[in-house]
2 protein chains.
Amino acid sequence: MDIKELLLDKALKAKKSARILAGVSSRVKNEALMAMADGLMDAAEVLKSENKKDLEYGKEKGLSSAMMDRLELTDKRISGMASGLKEIAALPDPVGEITRMWKRPNGLQIGKIRVPIGVIGIIYESRPNVTADAAGLCLKSGNAIILRGGSEAINSNTTIADILVKSAVTAGLPEGCIQLVEVTDRQAVMEMIKLDKYIDMIVARGGHSLIKAVTENATIPVARHSAGLCHTYVDTGADLDMAREICFNAKVQRPGVCNAMETMLVHHDIATDFLPGMIKRLHDAEVEVRGCAKTREICSDVMEATEEDWETEYLELVLSVKVVKDIDEAIDHIMTYGSLHSDAIVTNDYSRANKFLNQVDSAAVYVNASTRFTDGNEFGLGAELGISTQKLHSRGPMGLEDLTSQKYIIFGNGQIRE
Amino acid sequence: MDIKELLLDKALKAKKSARILAGVSSRVKNEALMAMADGLMDAAEVLKSENKKDLEYGKEKGLSSAMMDRLELTDKRISGMASGLKEIAALPDPVGEITRMWKRPNGLQIGKIRVPIGVIGIIYESRPNVTADAAGLCLKSGNAIILRGGSEAINSNTTIADILVKSAVTAGLPEGCIQLVEVTDRQAVMEMIKLDKYIDMIVARGGHSLIKAVTENATIPVARHSAGLCHTYVDTGADLDMAREICFNAKVQRPGVCNAMETMLVHHDIATDFLPGMIKRLHDAEVEVRGCAKTREICSDVMEATEEDWETEYLELVLSVKVVKDIDEAIDHIMTYGSLHSDAIVTNDYSRANKFLNQVDSAAVYVNASTRFTDGNEFGLGAELGISTQKLHSRGPMGLEDLTSQKYIIFGNGQIRE
């Protein structure tokens, strides 16, 4: 079978499965999720030995230590995957929720009801635990899933998917509800994203080049999970101790993730009070600070920031700092350079807090808190499939509700249109 | 300026305008809508004389009488456009609505707020009144709009857009909030749908070839408004008088629209009772009926339906009829051949009504009513930009809420992530 036929075959099976899955009760879906969790725990040794193959191959290929770390499956990570599936089982089933219902003057009752989207294709890289998380979220919301992970994790992903399929089908879910694309070259992605007759949504998680290729070539609607270039703006009159805690947390607590701060903007009236202590603390934590001219007047031990810095998502212990003359310059900077993922203001001023909330058009806009909270669990939505940086369908952390579509149901007793 | 530069220039202006428009009050937006309505009424004579050019050109080009009818601007249609804009002014502003807000254990208050999408590009054909409707809906929901109508209505569209722009800007809306693409060849569409840095959503209304070209080439998320191949299934035990009224209405009341019935499915137990009277009434109304073998056994004056008939959206006084052995065959037929727009069951059976509602995955699923109700006004949503036949973002009639995005706003008092 060539790649095109292989993908078409999987897509057909998924579509067939999705029609059955849409009618499966919450109880059966939850039992399947619990069985999938047990299946992973029971197969921990096999998982680790298959994962070892990926790690060895990754070493040969010269993957970075950060990539190698993300790739590794330890006992702790395997039980993390299992408990993730159990948590999804415990979440309320979004399918069947009637979100609104009203009556028209002619007596028609019109409602909107959440239904599964159908078939979801997910394209992702490196971390094998995404395989379990994504499958769990899609099944719980009644969707069939086609998984296409990266080549670096193919042995781990194949093993995880096999276990999940076996457990799910034994527990009563239809064949074809979880399928992994074993072909890891780019052509498989290119074929998959054009099967719009069978696949209803593509979730794309990954680097710029993957997202770009998917966006440009897909004929299926795409939920993009791309960059996070997040800002914190420290306003004049802010509680500077609070500002330092928030900025330090946003930069340092976990610098490699999309909701970490990359640029700090500081009102010039408080720059002299705020920056020296802040930058010392960042330097002590081994953060490389790159500042504008004003920043470097105040703190001479700061490196020079270039235009490129404002556009860079570092994902490591590097921070760019800019002193701005007012909130408008801060908002302009964010709207010009930001990825509109998560941005925060630290302020004590009511009007400026409102202005920031209204004018910063990011998926998550914060007043007086760390941008690091942009996360399905932290928001109280439960697990997430990723964080959407686009404006349509869903924005921010994508939970179970975001994996549903809403259709209209209409109850009449003979109404016809005049 | 070449086409590419022209589109880029419009997109840049629209994006700039959108940032301002997002902050404009409902009062100013409503005043602008009223001014736009007045502007159209005042210019009725100019509009009709410009429209005459389009009609003359259409006659030369040999447009069908249906197309010519849709193209014509009469006094009644001009006042219809104006009153449409006034109705939009009277609808509640969706921008700023906080749809949910909750508190986390750490004290963070997290909410979802409706905001404009940004810049919306709309691609449409023939009817010039879409120009006014689309502009009104987009402005009310705080979005800048780029309009690309068809060549056949270019004089009418240009005049309408000029009037709308003048009225809107005089009333206080930012320059660039409404822009018409005067270039009507396909290349303008192809350039427009790739400007993903500036345009946030494309609404595509039109025939199969337009929708296909847009879907395959757009890098911007597309809201598709395509075919409506709608079914009515008459169940055994249904009130046959009610069924005849509903089916007759769904086929005959306005056959040229997307929510009209194209295929009637009839349970074989009632086919002999139901079909003769039904088909006589349809024949009397000059409907050409094409039936399956069973239908033709019962009514010998019915033409033969072929496989192609089940896949055809006639949009005229033609109906295909199939006798099915049970509800499962009816649902299978709909899921196989339908466009998943609007489908109805006529029944008096509780379980089968539920089965149909659950298993038919269309944008609008009806029990005991005509499919002709799938419409923003009939659903009580106010005006609509079209009817979405896709599953993401919005499905069914697209009203003002569907032209918004929801972002998260988070209120803290110093929270940092542990």
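Numbers given for residues are sequential positions, taken from 1 along each chain in its written order. Here chains are named by letter from A upward and ligands by number from 1 upward, in the order in which they appear as written. Whole-chain, interface and lining totals are the exception, using all residues; otherwise, since this is a predicted model, local features are given only for residues with pLDDT of at least 70 and side-chain atom pairs are given and counted only at 80 or more.

Student: What should I look at first to understand the nonpolar core in this one?
Tutor: Most often, soluble globular proteins have nonpolar side chains that are buried together. A set of buried residues drawn from Ala, Val, Leu, Ile, Met, Phe, Trp, Tyr and Cys, joined through C-beta atoms within 7 Å, is what defines a nonpolar core. Residue burial is a threshold on neighbouring C-beta atoms within 10 Å of the residue's own C-beta, all placed from the backbone, with 20 or more meaning buried, 12 or fewer meaning exposed, and counts in between meaning partly exposed. Formed by 138 residues in total, the largest nonpolar core has its most connected members in Ile145(A), Leu164(A), Ile202(A), Ile145(B), Leu164(B) and Ile202(B). Here the contact rule is simple: place C-beta atoms from the backbone, and any two residues whose C-beta atoms are within 7 Å are in contact. In contact with Ile202(A), not counting residues within four places along its chain, are Gly121(A), Ile123(A), Ile193(A), Val214(A), Ala218(A), Ile220(A) and Val222(A). Leu108(A), Leu319(B), Val360(B) and Val365(B) belong to the second-largest nonpolar core, a separate cluster that totals 53 residues.

Student: Whenever I open this one, the interface of chain B and chain A confuses me. Can you help?
Tutor: How large an interface is tends to be reported as the accessible area lost when its parts come together. Between chain B and chain A, the residue contacts involve 57 residues of the former and 57 residues of the latter. The helix count covers DSSP runs of H or I at least four residues long, the strand count covers runs of E at least two residues long, and both are numbered beginning at the N terminus. Taken together, the elements giving at least two residues each to the side of chain B that touches chain A come down to strand S2 (109-116), helix H9 (208-217), helix H10 (240-252), helix H15 (350-359), strand S14 (364-369) and strand S17 (404-415) of chain B. Examined bridge by bridge, strand S17 (residues 404-415) of chain A and S14(B) share 5 bridges and lie parallel to one another. Paired with Ile409(A) across the two strands is Val365(B), which belongs to S14(B). Any two strands with at least two DSSP bridges between them are considered paired.

Student: Hey, could you run me through the pairing of strand S3 (residues 119-123) of chain A in this one?
Tutor: Looking down a regular strand, the side chains alternate between one sheet face and the other. All names here are of chain A. The buried count for S3 comes to 5 of 5 residues, which makes it a mostly enclosed element. Here S3 pairs with strand S4 (residues 144-148) via 5 bridges, running parallel. When the bridges of S4 are listed, Gly121 appears paired with Ile146. Handedness of the crossover joining S3 and S4 through helix H6 (residues 129-140) is recorded here as right-handed. As paired strands, S3 and strand S6 (residues 201-205) are joined by 4 bridges and run parallel to one another. Seen with its strands pointing away from the viewer, a crossover is right-handed when the path leading from the first strand over the helix to the second is clockwise.

Student: Hey, could you run me through helix H7 (residues 154-170) of chain B in this one?
Tutor: Residues spaced three or four apart along an α-helix face the same direction, because each turn holds 3.6 residues. Residues and elements named next belong to chain B. A helix is expected to reach a length of 1.5 Å times the quantity of its residues less one. Across its 17 residues, H7 extends 24 Å between first and last C-alpha, which sits within 8% of the 24 Å expected from 1.5 Å per residue. Of the positions making up H7, those classed as buried are Ile154, Ser156, Asn157, Thr159, Ile160, Ala161, Ile163, Leu164, Val165, Ser167 and Ala168. On its buried face, H7 sits against helix H2 (26-42), helix H3 (44-61), helix H6 (129-140), strand S4 (144-148) and strand S5 (178-180). Taken from the residues just after H7, Gly172 is the one with a positive phi, measuring 110°.

Student: Before we go on, may I ask you to explain the sheet that holds S3(A) in this structure?
Tutor: Sheet strands associate in pairs through backbone hydrogen bonding, adopting either a parallel or an antiparallel arrangement. Residues and elements named next belong to chain A. Across the sheet, 5 strands lie side by side as S5-S4-S3-S6-S7; this open sheet has parallel pairing. The open sheet is flanked by strand S5 (178-180) and strand S7 (222-225), the only strands paired with a single partner. In this sheet, neighbouring strand axes are inclined to one another by 15° on average, regardless of whether the strands run parallel or antiparallel. Axes here refer to lines fitted to C-alpha atoms; in helices the fit is confined to the stretch in contact. Angles between the N-to-C directions go from 0 to 180 degrees. Set on the sheet, helix H1 (residues 3-21) makes contact with S3, S4 and S5; between it and S4 the angle comes to about 150°.

Student: I tried to follow the confidence of the model for chain A on my own but got confused; where do I start?
Tutor: Parts of the model with low pLDDT should not have their predicted coordinates read in detail. On a range of 0 to 100, pLDDT expresses the predictor's confidence in each residue. Residue-level pLDDT values for chain A average 95, and 100% of them are 70 or greater. The complex model carries a pTM of 0.92, and its ipTM stands at 0.93.

Student: I would appreciate a short explanation of the sheet that holds S17(B) in the present structure.
Tutor: What the 10 strands build is an open sheet, ordered S11(A)-S10(A)-S12(A)-S9(A)-S8(A)-S13(A)-S14(A)-S17(B)-S2(B)-S1(B); its pairing is mixed. Each of the sheet's edge strands pairs with one partner strand only, and the pair in question is strand S11 (303-304) of chain A together with strand S1 (98-103) of chain B. One ladder, built from 5 bridges, connects S1(B) with S2(B); its direction is antiparallel. Its bridge partner lying in S2(B), Met101(B) is registered against Gly111(B). In the packing of helix H11 (residues 268-284) of chain A onto the sheet, contacts are made with strand S8 (230-234), strand S9 (261-267), strand S10 (288-291) and strand S12 (318-324) of chain A, and the angle to S9(A) comes to roughly 145°.

Student: Sorry, what's going on with the relation of the copies chain B and chain A here?
Tutor: Applying a rotation about an axis and a shift along it to one chain copy brings it onto the other copy. Least squares is the method for superposing the copies, and the C-alpha atoms it fits come from residues with pLDDT of at least 70 in both. With an RMSD of 0.1 Å, the fit of chain B onto chain A corresponds to turning through 180° and sliding 0.0 Å along the axis. Both chain copies can therefore be described as sitting about a two-fold axis. The C-alpha atom lying nearest the rotation axis in chain B is that of His393(B); the distance is 1.8 Å. A shared binding surface is used by both copies, with 100% of the interface residues of chain B retained as interface residues in chain A.

Student: How should I be thinking about the pairing of S17(A) in this particular structure?
Tutor: The sheet contact formed by strand S2 (residues 109-116) of chain A and S17(A) spans 8 bridges and is antiparallel. Bridge pairing in S17(A) places Val115(A) opposite Ser405(A).

Student: Please explain the environment of Arg186(B) as it appears in this structure.
Tutor: Among the secondary structure elements, Arg186(B) is positioned in helix H8 (residues 186-192). C-alpha of Arg186(B) to C-alpha of Ser65(B): the two residues are 121 residues apart in sequence and 24 Å apart in space.

Student: Got a minute to help me understand the domain arrangement of chain A in this structure?
Tutor: Residue and element names in this part refer to chain A. Splitting chain A by domain gives domain 1 (3-226 + 389-411) and domain 2 (230-378). For domain 1 versus domain 2, the separation of C-alpha centres amounts to 34 Å. Across the boundary between the two partners, domain 1 contributes 6 residues, which contact 9 residues of domain 2. Following the grouping adopted for this structure description, the nonpolar residues are Ala, Val, Leu, Ile, Met, Phe, Trp, Tyr, Cys and Pro, the charged ones are Asp, Glu, Lys and Arg, and the polar ones are all others, Gly among them. Classifying every residue of the side of domain 1 that touches domain 2 gives 2 nonpolar, 3 polar and 1 charged. An automatic or database domain assignment provides the domain bounds reported here.

Student: What exactly am I supposed to notice about the packing of H6(B) against H7(B) here?
Tutor: Packed helix pairs are characterised by how far apart their axes lie and by the angle those axes make with each other. All names here are of chain B. Put simply, H6 and H7 touch, their axes get as near as 10 Å, and they point 30° apart. Taken together, H6 and H7 sit at an angle that is classed as roughly parallel. Once H6 is placed against H7, the crossing between them reads as right-handed. Every residue of H7 that contacts H6 at Thr131, Ala132, Ala135 and Leu139 is listed here: Asn157, Ile160, Ala161, Leu164 and Ala168. Here the word oblique covers every angle except those under 35 degrees (roughly parallel), over 145 (roughly antiparallel) and from 65 to 115 (roughly perpendicular). The crossing is said to be left-handed when, going from far helix to near helix, the turn is anticlockwise and less than a right angle, and right-handed when the turn is clockwise.

Student: Got a minute to help me understand the packing of H10(B) against helix H11 (residues 268-284) of chain B in this structure?
Tutor: Residues and elements named next belong to chain B. Where H10 contacts H11, the axes come no closer than 10 Å and their chain directions differ by 40°. If you check the angle between H10 and H11, you find them oblique. As H10 packs across H11, the resulting crossing turns out to be right-handed. Of the residues in H11, those touching H10 at Leu240, Ala243, Arg244, Cys247, Phe248 and Lys251 are Ile270, Asp273, Phe274, Gly277, Met278, Arg281 and Leu282. Grouping the amino acids of the contact of H10 with H11 by side-chain chemistry returns 8 nonpolar, 1 polar and 4 charged.

Student: Is there a simple way to think about unusual backbone geometry in this case?
Tutor: Glycine aside, the phi torsion of most residues is negative, and most peptide linkages are trans. In this structure, Glu286(A) is a non-glycine residue whose phi angle is positive, near 65°. As for its placement among the helices and strands, Glu286(A) is situated in the loop between H11 and S10.

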